[in-house]
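Close look at the chain arrangement
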Amino acid sequence: METLINAFPKEKERQAKIFWGVVYFIYMLSLKEIFWESISQMIFGDGFAISSFIFLRIMGILYFFAYLSIATQIHGLVGSHGIYPIKETLEHMRSKGRKFSDTPTLFWFYHSDQAITLYYTCGMISSVLLTLNVFPHLNLIVIYHGFWTFQFTGREFFYLQFDNLLMESALLAFFLGLKSPLSIFDFRPSIDP
């Protein structure tokens, strides 16, 4: 019986040594991480500034080619003489009682072939401006909503995995370098490389 009583405190002592050893190891790793992070910030600056800058430029290039792809095929898909004309889609939605507040697409206001051309041209210009780092957050809003408009009106043609991934990436990219809600109107570039 006495051996059991003596064994119990030794087991607790061993567990305490292991616990404090793990705590010390984690503490040393965190110090090492802080040390290397401070060294890299002294050398390279903010750790996320360069990657955010590159990511936003790549987003601009990707959206330019996405809108270029839209430009080559959208009139045949949803134009006035297309497979699923926008006018018929909106009339069907109106007959079901839906309105702009249900699906905020730009085509509720103007849905001619000229409007289609205007919308993808605005998207291409905004993607070039995003690539050039001119009002990046404002251009991301234009790009996102314009692409969402085409995705809504294109229905089956735009419900592909790549299109959804592109929309999610633009939504998340909006928060890169955003300092406050009003900084979307900031005249300075949001992220300097």
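Residues numbered from 1 in each chain as written. Predicted model: local features only at pLDDT ≥ 70, side-chain atom pairs only at ≥ 80, totals over all residues. Heavy atoms only, no water.

Description of the side chain of Ser-126
Here Ser-126 shows up in helix 4 (residues 113–131). Once you skip the residues sitting within four places of it in the chain, Ser-126 turns out to touch Asn-139, Val-142 and Ile-143. (Helix = DSSP H or I, 4+ residues; strand = E, 2+ residues; numbered from the N terminus. Contact = heavy atoms within 4.5 Å.)

A short note on the packing of helix 4 against helix 5 (residues 136–154)
The geometry of helix 4 relative to helix 5 is characterised by a closest axis approach of 9 Å and an angle of 145° between their N-to-C directions. For the crossing formed where helix 4 meets helix 5, the hand is left-handed. Contacts between helix 4 and helix 5 pair Ile-116, Tyr-119, Tyr-120, Cys-122, Gly-123, Ser-126, Ser-127, Leu-129 and Leu-130 from the former with Pro-136, Asn-139, Leu-140, Val-142, Ile-143 and Phe-150 from the latter. Classifying every residue of the contact of helix 4 with helix 5 gives 11 nonpolar, four polar and no charged. (Axes fitted to C-alpha atoms, helices over the stretch in contact; angles between N-to-C directions. Left-handed = near helix turned anticlockwise from the far one by under 90°. Nonpolar A, V, L, I, M, F, W, Y, C, P; charged D, E, K, R; others polar.)

A word on the nonpolar core
Formed by 32 residues in total, the largest nonpolar core has its most connected members in Tyr-63, Tyr-67, Tyr-120 and Phe-150. Contact partners of Tyr-67, with chain neighbours within four places excluded, come to Tyr-119, Tyr-120, Gly-123, Met-124, Val-142, Ile-143, Gly-146, Phe-147 and Phe-150. (Core = buried A, V, L, I, M, F, W, Y, C linked by side-chain atoms within 4.5 Å. Buried < 20%, exposed > 50% of the residue type's maximum accessible area, 1.4 Å probe, protein only.)

So, the environment of Ile-83
Mapped onto the elements of the fold, Ile-83 is located in the loop between helix 2 (49–78) and helix 3 (86–95). Classification of Ile-83 by relative accessible area gives exposed; the value is 54%. Residues Ile-83 and Gly-154 lie 71 residues apart in sequence; the distance between their C-alpha atoms is 9.8 Å.

With respect to unusual backbone geometry
Most peptide bonds are trans, and most residues other than glycine sit at a negative phi. At Asn-133, a position not held by glycine, the phi torsion is positive, near 65°. One can find Asn-133 in the loop between helix 4 and helix 5. Phi at Phe-135 is positive, roughly 45°, even though this residue is not glycine. Among the structural elements, Phe-135 can be located in the loop between helix 4 and helix 5. In this structure Phe-135 comes out as partly exposed when scored by relative accessible area, which is 31%.

So, the confidence of the model for the protein chain
When pLDDT is averaged across the protein chain, the result is 75; 67% of the residues are at 70 or more. Per-element confidence in the protein chain ranges from a low mean pLDDT of 58 for helix 1 (residues 2–44) to a high of 92 for helix 4. Across residues 1–5, confidence stays below pLDDT 50; counting only partners more than four residues off in sequence or on other chains, it has zero contacts. Low pLDDT (under 50) marks residues 187–193, which in the prediction has 16 contacts with non-local residues, meaning those over four places away or in another chain. (pLDDT = per-residue confidence, 0-100.)

Some points on the packing of aromatic side chains
In the structure shown here, the tally under the stated rule is eight aromatic pairs. Where Tyr-67 meets Phe-147, the ring centres are 5.9 Å apart and the plane angle is 85°; that geometry is what we call edge-to-face. Here Phe-147 lies in helix 5 and Tyr-67 lies in helix 2, a separation of 80 residues in the sequence. Residue Tyr-67 shares its accessibility class with Phe-147, and that shared class is buried. Relative to Phe-157, the ring of Tyr-84 has its centre 5.8 Å away and its plane inclined at 50°; by these criteria the two rings are tilted. Remark: Phe-157 occurs in the loop between helix 5 and helix 6 (161–173) and Tyr-84 occurs in the loop between helix 2 and helix 3; sequence separation between them is 73 residues. By relative accessible area, which is 33% here, Tyr-84 ends up partly exposed. Here Phe-157 falls in the partly exposed class, since its relative accessible area comes to 28%. Three or more aromatic residues joined by ring pairs make a cluster, and in this case those are Tyr-63, Tyr-67, Phe-107, Tyr-119, Phe-147 and Phe-150. (Phe/Tyr/Trp six-rings, centres within 6.5 Å; stacked < 30°, edge-to-face > 60°.)

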